Amino acid sequence: LISADAVGIVHPNMPTMIPTTPPPSLDPPKLTETISRLSQLDSRKLLVPHYGVRDDVVNVLETTKYKTAAWLSRVRGLRKNGVSLDEMVEEFQREVVSESGLGAEDFPKYARLSIRITLMGMLQYFEKNP
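Attention here is on the structure that accompanies the text.

Comments concerning unusual backbone geometry
Then comes step 1: In this model, P23 is joined to P24 through a cis peptide bond whose omega is -5°.
Then comes step 2: Note on placement: P24 falls in the segment before α1 (28-39).
Then comes step 3: Phi is positive for A4, close to 50°, though the residue is something other than glycine.
Then comes step 4: Summarising the element assignment, A4 is placed in the segment before α1.
Then comes step 5: We note that D42 has phi near 55°; this positive angle belongs to a residue other than glycine.
Then comes step 6: Among the structural elements, D42 can be located in the loop between α1 and β1 (46-48).

A closer look at the packing of helix α3 (residues 85-100) against helix α4 (residues 109-128)
Then comes step 1: At a closest axis distance of 9 Å, the pairing of α3 and α4 adopts a crossing angle of 125°. One way to sum up the angle between α3 and α4 is to call them oblique. Every pair of crossing elements has a handedness; the one defined by α3 and α4 is right-handed. Facing L85, D86, M88, V89, E90, F92, Q93 and V96 of α3, the residues of α4 in contact are R112, I115, R116, L119, M120 and L123.
Then comes step 2: Partitioning the contact of α3 with α4 into residue classes produces nine nonpolar, one polar and four charged.

Considerations on the environment of K67
Then comes step 1: As for its placement among the helices and strands, K67 is situated in helix α2 (residues 57-80).
Then comes step 2: Separated by 39 residues in the primary sequence, K67 and P28 place their C-alpha atoms 12 Å from one another.
Then comes step 3: Contacts of K67, omitting those with residues within four sequence positions, involve T16, M17, P19 and E99.
Then comes step 4: Engagement of the side chain of K67 in a polar contact is seen with the side chain of E99, the distance being 2.5 Å.

Some remarks on a nonpolar patch on the surface
Then comes step 1: A surface patch of nonpolar side chains, about 310 Å² in accessible area, is lined by I2, L47 and V53.
Then comes step 2: For L47, the location among the structural elements is in strand β1.

Cut-offs used in this document
- Residues numbered from 1 in each chain as written.
- Predicted model: local features only at pLDDT ≥ 70, side-chain atom pairs only at ≥ 80, totals over all residues.
- Heavy atoms only, no water.
- Helix = DSSP H or I, 4+ residues; strand = E, 2+ residues; numbered from the N terminus.
- Axes fitted to C-alpha atoms, helices over the stretch in contact; angles between N-to-C directions.
- Parallel < 35°, antiparallel > 145°, perpendicular 65-115°, else oblique.
- Left-handed = near helix turned anticlockwise from the far one by under 90°.
- Contact = heavy atoms within 4.5 Å.
- Nonpolar A, V, L, I, M, F, W, Y, C, P; charged D, E, K, R; others polar.
- Polar contact = N/O pair within 3.5 Å; in protein donor to acceptor, adjacent residues only side chain to side chain.
- Patch = residues over 30% accessible without salt bridge, like charges linked within 9 Å, V, L, I, M, F, W, Y side chains within 5 Å.
- Areas by Shrake-Rupley, 256 points an atom, 1.4 Å probe, with all protein chains shown as cover.
- Salt bridge = Lys/Arg side-chain N within 4 Å of Asp/Glu carboxyl O.

In short, shape yes, function no, at least from these values alone.
Structure (structure tokens):
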């Protein structure tokens, strides 16, 4: 199954997922519907743009659905409390670093950029859909 951007990002050498919700295309209900439809296909492999071939199809789909919903919920709360994008990036980066088992000094710059873009997409969604 070629998943395009429907599934989260797992960077090389970083065994954790970052939801992929770039602006301006994020639509959480459509994303949930897409993941549900992809789950019904019973695929054995995912060809993902972020990064390569995945054999753990069910895990990738379920983790995408769970993490996207969890991040959206947190971002909504942080936004309501006036937390800035930069502060959110730092908070989510600490979480992803912890999940990955990497030291902060080994955290790739491109992964930090992925977190920023994901959060920007979520914030833009909430601006349009308060």
